[in-house]
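Descriptive analysis of the structure
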Amino acid sequence: AVIGVVSSADPAERRVPLVPDVARKLSALGAGIVMQRGAARGACLGEADYPEVTWVDSAAEVLARADVLWVVDPPPDDLLAGLRPGTVLIGLLQPYASAARVQQLQERQVTSFALELLPRISRAQSMDILSSQGAAAGYQCAVIAAAHCSKFFPMLTYAAGTIRPARVLVIGAGVAGLQAIATARRLGAVVEAYDVRPETREQVESLGARFVDTGVSAVGAGGYARELTPEELIQQAAKLARAVAGSDVLITTAAIPGRRAPVIVTAAMVAGMTAGSVVVDLAAESGGNVEGTVAGQEVQAGGVRLLGPTHLPSRMPVHTSEMVARNLLNFTAPMLREGTVQIDWADEVLAGTVMTHAGEVRHAQVGRALN
Ligand code: NAD
């Protein structure tokens, strides 16, 4: 079997789904590898770093040879149109972002695995790109917040006295939020955090942060958060307003799978923050947890800086490419048997992640979203 990698069509995407160490492992498994020239440049890697890889000039040449295509984001339409029937496409495919894309994959008889759909069971953790990239994004949120804050994160003692540490509030304590908490703590800030899932209290406290209790808990399907009722929203807002007003830094990471991000912090709550405070809204791209944040921009709201950074994992492309490549290897390796691709449809991980196969939409929820 031949694994292929093309250059990303998005100039802001610097991650590459295959790193040299993983290329070596694929080769040891008997796979061939074909990559488009320049595909690894964003992650500071060149042809000499990949002795096992055959380099070609165009994406079309990759598609002509590859049985399996690895991607970090959905390929653009023209590339999809060049996929051969039976090609196996694996990566982050944003299954709910474009019905036209799903239909094109279906019509082209591509076997597509969208890793956003990966069942979150223990065995699949090593394949979980959303988690690895969520952790990277959470780390980056804390670093960006520290760089934009008008205060030091740590307590600082100098000849004329002591400066108090910054107060950080993290809303949404999933994979990204927990990494933001851990990073802010390592930088010495005093951290508080809040999530609607009650089990996060223990996780937050084990990182040395204080849990903000609003009395609202909302666990839905699969252990994820569910949308709040209007009454719950009011109760949450009342309790959170105090915590927001008392923080120098607000980092928000709240999400509900397949939905627009919940708006948790209103403009009035932001107005209650002291001048010089900073807000980093990780959810800005999917609608925003904070009223007023704009994806990809810095907005000034009174004395508060509102940041909606995008492409966060791409800002550390060397390490995030490594993470993605290992996740993809762990997902793909069981399919590589005796030089061919053999998919065991009885495997719940593969069956749960498949989006299209043999001209059909195989994922029930993705199928429903098409109609
Ligand atoms: P996510 O990105 O979907 O959501 C981020 C966080 O936002 C979640 O913790 C959610 O509870 C929170 N949230 C939603 N609405 C909120 C609101 N109104 N106010 C405050 N917080 C709100 O979630 P995620 O980080 O991808 O993962 C969430 C869950 O999945 C966790 O339970 C995590 O442990 C679990 N998980 C399991 C595995 C596995 O077992 N393989 C892997 C990864 C994650």
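Up top you'll find the structure we're talking about.
Here goes a summary of the coordinates provided. (Residues numbered from 1 in each chain as written. Predicted model: local features only at pLDDT ≥ 70, side-chain atom pairs only at ≥ 80, totals over all residues.)

Some remarks on the overall build of the protein chain
The number of helices and strands found in the protein chain is 12 helices and 19 strands. A compact globule built from 371 residues should have a C-alpha radius of gyration of about 21 Å, and the protein chain, at 22 Å, falls within 12% of that. Projected onto the principal axes, the alpha-carbon positions of the protein chain cover approximately 65 × 50 × 35 Å. Counting over 371 residues, the protein chain shows a buried share of 44%. Within the protein chain, contacts between residues separated by at least 24 positions form 64% of all contacts whose residues are at least 6 apart in sequence. (Helix = DSSP H or I, 4+ residues; strand = E, 2+ residues; numbered from the N terminus. Rg over C-alpha atoms; globule rule 2.2 N^0.38 Å. Buried ≥ 20, exposed ≤ 12 C-beta atoms within 10 Å, placed from the backbone. Contact = placed C-beta atoms within 7 Å.)

Some thoughts on the environment of Val-190
Topologically, Val-190 is positioned in strand β10 (residues 190-194). Residue Val-190 is classed as buried on the basis of its 20 C-beta neighbours within 10 Å. Separated by 20 residues in sequence, Val-190 and Val-170 have C-alpha atoms that sit 11 Å apart. Beyond its immediate sequence surroundings of up to four residues, Val-190 is in contact with Pro-165 and Arg-167.

Structural notes on the sheet that holds strand β18 (residues 354-357)
Strands sit in the order β3-β2-β1-β4-β5-β6-β18-β19 across an open sheet of 8 strands; the sheet is mixed. Of all strands in the sheet, those bounded by a partner on one side alone are β3 (54-56) and β19 (360-361). As paired elements, β18 and β19 share 2 bridges and run antiparallel to each other. Bridge assignment links His-357 to a residue of β19, and that residue is Glu-360. The strands touched by helix α4 (residues 99-107) within the sheet are β6 (111-114), β18 and β19, with β18 carrying the most contacts at an inclination of about 45°. (Pairing = 2+ DSSP bridges. Axes fitted to C-alpha atoms, helices over the stretch in contact; angles between N-to-C directions.)

Observations concerning the site of the ligand
If you check the shell around the ligand, you find 31 residues, and the closest are Gly-172, Gly-174, Ala-225, Ala-254 and Ala-255. Counting only elements with at least two residues in the shell around the ligand, the list comes to α5 (129-148) and α6 (175-186). Among the residues forming the shell around the ligand, the class breakdown is 18 nonpolar, 9 polar and 4 charged. (Near = placed C-beta within 6 Å. Nonpolar A, V, L, I, M, F, W, Y, C, P; charged D, E, K, R; others polar.)

Looking at the pairing of strand β14 (residues 298-301)
Consecutive residues of a regular strand have side chains that alternate between opposite faces of the sheet. Inspection of the sheet shows β14 paired to strand β15 (residues 304-307) by 4 bridges, in the antiparallel sense. When the bridges of β15 are listed, Val-299 appears paired with Leu-306. Turn length for the β14-β15 hairpin, with the two strands adjacent in sequence and antiparallel, is 2 residues, and the turn residue Gly-302 shows positive phi of about 65°.

Side note on the sheet that holds β14
Strands in a sheet are paired, the pairing made by backbone hydrogen bonds, and the direction either parallel or antiparallel. Taken in spatial order, the 7 strands of this open sheet run β11-β10-β9-β12-β13-β15-β14, and their pairing is mixed. Each of the sheet's edge strands pairs with one partner strand only, and the pair in question is β11 (210-211) and β14. Across the sheet, α5 is in contact with β12 (249-252), β13 (278-281) and β15; its angle to β13 comes to roughly 160°.

Points about the pairing of β12
By the alternation rule, side chains of β12 split into Val-249 and Ile-251 and Leu-250 and Thr-252, which are all buried. Examined bridge by bridge, strand β9 (residues 167-171) and β12 share 4 bridges and lie parallel to one another. Its bridge partner lying in β12, Val-170 is registered against Ile-251. With 4 bridges joining them, β12 and β13 adopt parallel strand pairing. Along β13, the bridge assignment pairs Ile-251 with Val-280.

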